[in-house]
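Residue-level listing of the chains:
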Amino acid sequence: NLTLNRKAGHHKDRYGMPGAVLWQNLINGTANRTDASTPDDNASTEDNFVDLEAVVKLQEDVKLSIGGSYRNRHNASYFYSSGVFFGFPWISESQGMGRLQTYGFTPRIVIDKPLYQLRNTFTMGFDYYKSPTTLDSSGGFTFFGVTTPSQTLTDITKTDYGVYANEKFYPFDNLILDIGYRVHKAAYDSAYRDYVTPALSTAYRTHDQKEAFRASINYLFSKTGNAFITYAKGFRFPSTDELVNTQTGVITADLRPQTGREINVGARWNPFKRFGGSLTFFQSKNDDEIFYNPFTFVNSNYEKTRRRGIETQMNFFVTKDIKLGIGYSYTEAKFDGRQLINNTDVDGNDIPLVPKNKFSSNISYSFNSFVANLIAVYTGDRYAISDQLNNHRKLPGYTTCDLNISYKYKKFEALFGIKNLTDVEYSELGVASTTSSRINLYPSPERNYFLKLTYGFGL
């Protein structure tokens, strides 16, 4: 009647931040994909976590779960840049040390008990998270041989309280109703200390409360098909690092929570033994969507955005061991309503970095204890990051192929993969300049490999 679960992890890395490559320089051959515009910039991360959970079976159909978690993440970054201004050299250096901790307490109860002799599952729970974050930034700007130092310390503690309930009810064997509700409060305690200019130091406390709701109807019209409709209303509070400029430590006090409404209508159907598919129509509208503002260099809010489109998937069993899947999605992502960015109305413009078209295909082959997958994905044209005004040319579409082979023997599993199998040269990310027609590209990796080994054991 008692189950104990524990999960822990450790991650450590160190990496360079080589910066962007100017698109035009790649085209005319004056730059290579592996060139670095900021070769001295670097960062490192250490992340440790532990999750604990106790599940108590109070009755055969009633379970109480009590969970707790702790996470401790350290970040260090170093930025160095130099140049010439009106013929005079300048040097800018900055470094940041960040620490993010998260304490969690998540009890919940699940009652899987018939209601009026009808199948019913009721879930209710409470979430509590406390996330203290500290960012220590220092640096200096040297011009004409004179150095202007900077030294700041920023502390932000975010405390989350959430209560939720979910009801999954089967009024008929072929009809499922699923309704959920959540109320959530987030409080922020912030302090910014400027040791060079103490008059700029600030402190404030703020809090907000939001509600979320979801309702869905799932109708099983046959043994191999179902139709569904889902409506959801949700929110997202800013994380602590979104409130802080990581290089200066300055707090963005007016960043608002993001809210949204979404509807999905679709069906899944396997009319034949070897063929099936799905089709979904979706639309979501967001208020105060959080984004990085390239004109102010801090996170800000879009007033209104809209995304709508379709997603479809078809699966074919060519033979017992060979499966073919084909998928397509169309997404129209727009600014919805009059709103000004850098004193320009962007109503009707495309949201950056969202492709309208995306295709995918997958061939899977199983033999003995091996499974091989060949995956191809096409991502269509899209505007670069920071091009809310849609003034620049679009980033070109690209197609990548990945191959992975898995092997399983008793408790041992191995997975070997090759990403970007065809060695395509492409850039998933690009950032548009706000002062010129230039676009900075961040070239994606060419062919690369990974290996994962897993062994499970029990007491």
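Residues numbered from 1 in each chain as written. Predicted model: local features only at pLDDT ≥ 70, side-chain atom pairs only at ≥ 80, totals over all residues. Heavy atoms only, no water.

### With respect to the overall build of the protein chain
Along its length, the protein chain carries 1 helix and 24 strands. With respect to the three principal axes, the spread of C-alpha positions in the protein chain is 80 × 55 × 50 Å. Here the protein chain holds 459 residues, and 33% of them are scored as buried. A fraction of 61% describes how many contacts in the protein chain between residues 6 or more apart in sequence connect residues 24 or more apart. (Helix = DSSP H or I, 4+ residues; strand = E, 2+ residues; numbered from the N terminus. Buried < 20%, exposed > 50% of the residue type's maximum accessible area, 1.4 Å probe, protein only. Contact = heavy atoms within 4.5 Å.)

### What about the packing of aromatic side chains?
The full count for this structure, using the stated rule, is 15 aromatic pairs. Where Y128 meets Y161, the ring centres are 5.6 Å apart and the plane angle is 55°; that geometry is what we call tilted. Linking Y128 in strand β7 (residues 120-143) with Y161 in strand β8 (residues 146-172), this pair joins segments that are 33 residues apart in sequence. Assessed through its relative accessible area of 25%, Y128 is described here as partly exposed. Between the aromatic rings of F359 and Y378, the centroid separation amounts to 6.1 Å while the plane-to-plane angle is 45°, which identifies the pairing as tilted. (Phe/Tyr/Trp six-rings, centres within 6.5 Å; stacked < 30°, edge-to-face > 60°.)

### Regarding the pattern of salt bridges
Under the counting rule described, the total for this entry stands at 19 salt bridges. Between R214 and D178 there is a salt bridge; the shortest N-O distance is 3.8 Å. One end of the pair, R214, is in strand β10 (residues 202-222); the other, D178, is in strand β9 (residues 175-194), with 36 residues separating them in the sequence. Its relative accessible area of 32% is what places R214 among the partly exposed residues. For D287, the salt bridge identified is with K304, shortest N-O distance 3.2 Å. A residue pair is termed long-range when its members are at least 10 positions apart, and D287 in strand β13 (residues 275-293) and K304 in strand β14 (residues 298-317) qualify at 17 residues. Assessed through its relative accessible area of 18%, D287 is described here as buried. Assessed through its relative accessible area of 41%, K304 is described here as partly exposed. (Salt bridge = Lys/Arg side-chain N within 4 Å of Asp/Glu carboxyl O.)

### A closer look at the nonpolar core
Listed in full, the 11 residues of the largest apolar core are L135, I156, A186, Y188, Y192, F237, L243, V244, I251, L255 and I290. Apart from residues no more than four positions distant in its own chain, I290 is found in contact with R236, P238, E242, L255, R256, Q258, S300 and N301. F291, Y302, F335 and I351 belong to the second-largest nonpolar core, a separate cluster that totals 8 residues. (Core = buried A, V, L, I, M, F, W, Y, C linked by side-chain atoms within 4.5 Å.)

### Things to note about the pairing of β14
Relative to β14, β13 runs antiparallel, the two being bridged by 18 bridges. Among the inter-strand pairings, E289 is bridged to a residue of β14, identified as Y302. Once β13 ends, the chain turns through 4 residues before running back antiparallel as β14, passing F297 with a positive phi of about 65°. The loop that links β14 with its antiparallel partner strand β15 (residues 322-335) comprises 4 residues. (Pairing = 2+ DSSP bridges.)

### A closer look at the pairing of strand β20 (residues 398-409)
As paired elements, strand β19 (residues 370-379) and β20 share 10 bridges and run antiparallel to each other. Considered in β20, the bridge of A376 is made with C401. One ladder, built from 7 bridges, connects β20 with strand β21 (residues 412-419); its direction is antiparallel. By the bridge assignment, N404 is partnered in β21 with G417. The hairpin formed by β20 and β21 contains 2 residues between the paired strands, and K410 there has a positive phi angle of roughly 50°.

### Section: a nonpolar patch on the surface
A cluster of nonpolar residues, I179, Y181, F213, I217, I229, Y231, I263, V265, L279 and F281, forms a patch on the protein surface that exposes about 830 Å² of accessible area. Its location among the elements puts L279 in strand β13. Owing to a relative accessible area of 36%, L279 belongs among the partly exposed residues under this scheme. (Patch = residues over 30% accessible without salt bridge, like charges linked within 9 Å, V, L, I, M, F, W, Y side chains within 5 Å. Areas by Shrake-Rupley, 256 points an atom, 1.4 Å probe, with all protein chains shown as cover.)

### Concerning the environment of T106
When you line up the elements, T106 lands in the loop between β5 (88-105) and β6 (108-111). In this structure the C-alpha to C-alpha distance between T106 and T45, which are 61 residues apart in sequence, comes to 27 Å. Those residues in contact with T106 that lie beyond four places of it in its chain are S65, I66, G67, F126, D127 and Y129.

### Some details on the sheet that holds strand β22 (residues 429-432)
Read across the sheet, 3 strands follow the order β2-β23-β22 without closing on themselves; strand pairing throughout is antiparallel. At either margin of the open sheet sits one strand with a lone partner, and together these are β2 (21-22) and β22. Where β2 lies against strand β23 (residues 439-442), 2 bridges are found, and the strand directions are antiparallel. In the sheet register, L22 faces β23, and the bridge partner there is N440.

### Some words on unusual backbone geometry
One non-glycine residue, Y116, lies in positive phi territory at about 55°. Mapping Y116 onto the fold places it in the loop between β6 and β7. With a relative accessible area of 73%, Y116 lands in the exposed category. Notably, N420 is not glycine yet its phi reads approximately 55°, a positive angle.

### Focus: the side chain of N404
Residue placement: N404 occurs in strand β20. The exposure class assigned to N404 is buried, which follows from its relative accessible area of 16%. Those residues in contact with N404 that sit more than four places away from it in its chain are V371, A372, N373, I375, L415, F416 and G417.

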